[in-house]
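# Close look at the chain arrangement
Letter by letter, the chains look like this.
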Amino acid sequence: MKITALTTYLVAPRWCFLRIDTDEGITGWGEPVVEGRAQTVAAAVAELADYLVGKDPMSIEAHWQALTKGGFYRGGPILSSAVAGIDQALWDITGKALGVPVWQLLGGAVRERIRVYSWIGGDRPDDVAAAALERKSQGFTAIKMNASAELDPIDTPRATTAIADRVAAVRTAVGDEFDIAVDFHGRLSVAMARRVLPLLEPHLPLFVEEPLVPEVSDRIGEITSATAIPIATSERLY
Ligand SMILES: [Mg+2]
């Protein structure tokens, strides 16, 4: 089997999908996209297609190594997302060729069910408590929310306590048999993170996500040692 073509599809408002065709009629689908850069990633896929066309689609690992490490310039959100979408499509082709689901090829099922949370925003609209209650009524057992808009490196006491107040409002609304996760999108400085996270502890967040921008990931230990709240990171690490 040989790869014959890679075709990307831009879908509003912000998605990009990839179809890889083969000479045996099997096609695979992937999603090569990073938020806000769909056309840029599609261009990267088109450039990587030169290497892939004519090759065996089932040599997935070899292609991943070549596409990831074979270039002089490597990594970053654009190239990594392009390679990820290609990787998905090659796994899809391989699963179809062998007649098994991809999860079977990756080691088999680990669990029957998976718990999910629902995103409720909270950047600027303050009505997060109502939004959390609505998700609870839909059957969710957890939400994830913003607890602030953009912040100064050392913001005012009012802006600082407002973060905890917003989480407290949700906790009061949903009760204790429900989880609240808070995503900061890297909006906290190290100083603010050390100041803010202890204020959230009484509300027992499930986790706090991305308190710092990835450029200061080496300082994440200062945050985990300053709070008992579990810290989630790496959304923007490639
Ligand atoms: Mg996030």
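For the structure itself, look to the data block above.
Residues numbered from 1 in each chain as written. Predicted model: local features only at pLDDT ≥ 70, side-chain atom pairs only at ≥ 80, totals over all residues. Heavy atoms only, no water.

## Examining the coordination of the magnesium ion
The cut-off we apply is this: Because water is not among the atoms used, a metal site may look incomplete, as its donors are only the N, O and S atoms within 2.8 Å, or 3.2 Å for Na, K and Ca. Helix and strand assignments come from DSSP, with helices taken as H or I runs of at least 4 residues and strands as E runs of at least 2, each series counted from the N terminus. Under the scheme applied here, a residue whose accessible area is under 20% of the maximum for its type counts as buried, over 50% as exposed, and between as partly exposed, the area being computed with a 1.4 Å probe on protein chains only.
Around the magnesium ion, the protein supplies Asp183 (OD), Glu209 (OE) and Glu235 (OE) as donor atoms, at distances of 2.0 to 2.2 Å. Sequence positions of the donors to the magnesium ion reduce to the motif D-x25-E-x25-E. Remark: Glu235 occurs in the segment after strand S8 (231-232) and Glu209 occurs in strand S7 (residues 207-209); sequence separation between them is 26 residues. Judged by its relative accessible area of 9%, Glu209 falls in the buried class.

## As for the layout of surface pockets
The test is simple: Both site types are read off a 1 Å grid over the protein atoms alone. A 1.4 Å probe that fits but cannot get out defines a cavity, while an open set with protein on both sides within 12 Å along at least five of seven lines defines a pocket; lining residues have an atom within 4 Å of a point. Grid points are joined across faces, edges and corners, and a volume is the space filled by probe spheres set on the points. Here the term charged refers only to Asp, Glu, Lys and Arg, the term nonpolar to Ala, Val, Leu, Ile, Met, Phe, Trp, Tyr, Cys and Pro, and the term polar to all other amino acids, Gly among them.
Its boundaries defined by the atoms lining it, the largest pocket holds a volume of some 520 Å³. When grouped by side-chain class, the residues that make up the lining of the largest pocket number five nonpolar, one polar and six charged.

## Section: the sheet that holds strand S1 (residues 3-11)
Quick reminder of the rule: Note on pairing: two strands pair once DSSP finds at least 2 bridges between them. Here the axes come from fitting lines to C-alpha atoms, over the contacting stretch only for helices, and the angles between their N-to-C directions go from 0 to 180 degrees. Residues are treated as being in contact if the distance between any of their heavy atoms lies within 4.5 Å.
What the three strands build is an open sheet, ordered S1-S2-S3; its pairing is antiparallel. Edge positions in the open sheet fall to S1 and strand S3 (27-30), since each of these has one partner strand only. Neighbour-to-neighbour, the strand axes of this sheet turn through a mean angle of 20°, independent of strand direction. With four bridges joining them, strand S2 (residues 15-22) and S3 adopt antiparallel strand pairing. In the sheet register, Leu18 faces S3, and the bridge partner there is Gly30. Relative to the sheet, helix H1 (residues 38-52) contacts S1 and S2, its axis offset from that of S1 by approximately 180°. Packing against the sheet, helix H3 (residues 76-98) makes contact with S1, S2 and S3, and its axis sits at approximately 145° to S3.

## Comments concerning helix H2 (residues 60-69)
Selection rule: This arc is taken over the directions from the axis of the helix to the C-beta atoms.
The set of residues buried in H2 consists of Ile60, His63 and Leu67. All buried residues of H2 fall inside an arc of 65° around its axis, so they share one side. Structurally, H2 contributes buried residues whose contacts are with H1 and H3.

## A short note on the pairing of strand S5 (residues 142-145)
What counts, and what does not: For the handedness criterion, the strands are oriented away from the viewer, and a crossover whose path from the first strand over the helix to the second runs clockwise is classed as right-handed.
Alternating positions in S5 separate into two faces, Ala142 and Lys144 on one and Ile143 and Met145 on the other, with burial throughout. The sheet contact formed by strand S4 (residues 118-119) and S5 spans two bridges and is parallel. Looking at S5, one finds that Trp119 is bridged to Lys144. Where the polypeptide runs from S5 across helix H6 (residues 157-174) and back to strand S6 (residues 179-183), its parallel neighbour, the crossover connection is right-handed.

## Here's the deal with the nonpolar core
We apply this condition: Each nonpolar core is a collection of buried residues, namely Ala, Val, Leu, Ile, Met, Phe, Trp, Tyr and Cys, held together in the definition by side-chain atoms within 4.5 Å.
In this structure, Met145, Phe184, Leu197 and Leu200 are the most contacted members of the largest nonpolar core, which totals 28 residues. Here this core gets six residues from one element, more than from any other, and that element is helix H7 (residues 190-200). Those residues in contact with Met145 that sit more than four places away from it in its chain are Trp119, Ile120, Gly121, Val128, Arg166, Val167, Val170, Ile180, Ala181, Val182 and Asp183. Counting residues in each nonpolar core, the second largest holds 20 residues, with Leu6, Val41, Val45 and Ala49 among its members.

In short, geometric facts, not functional conclusions.
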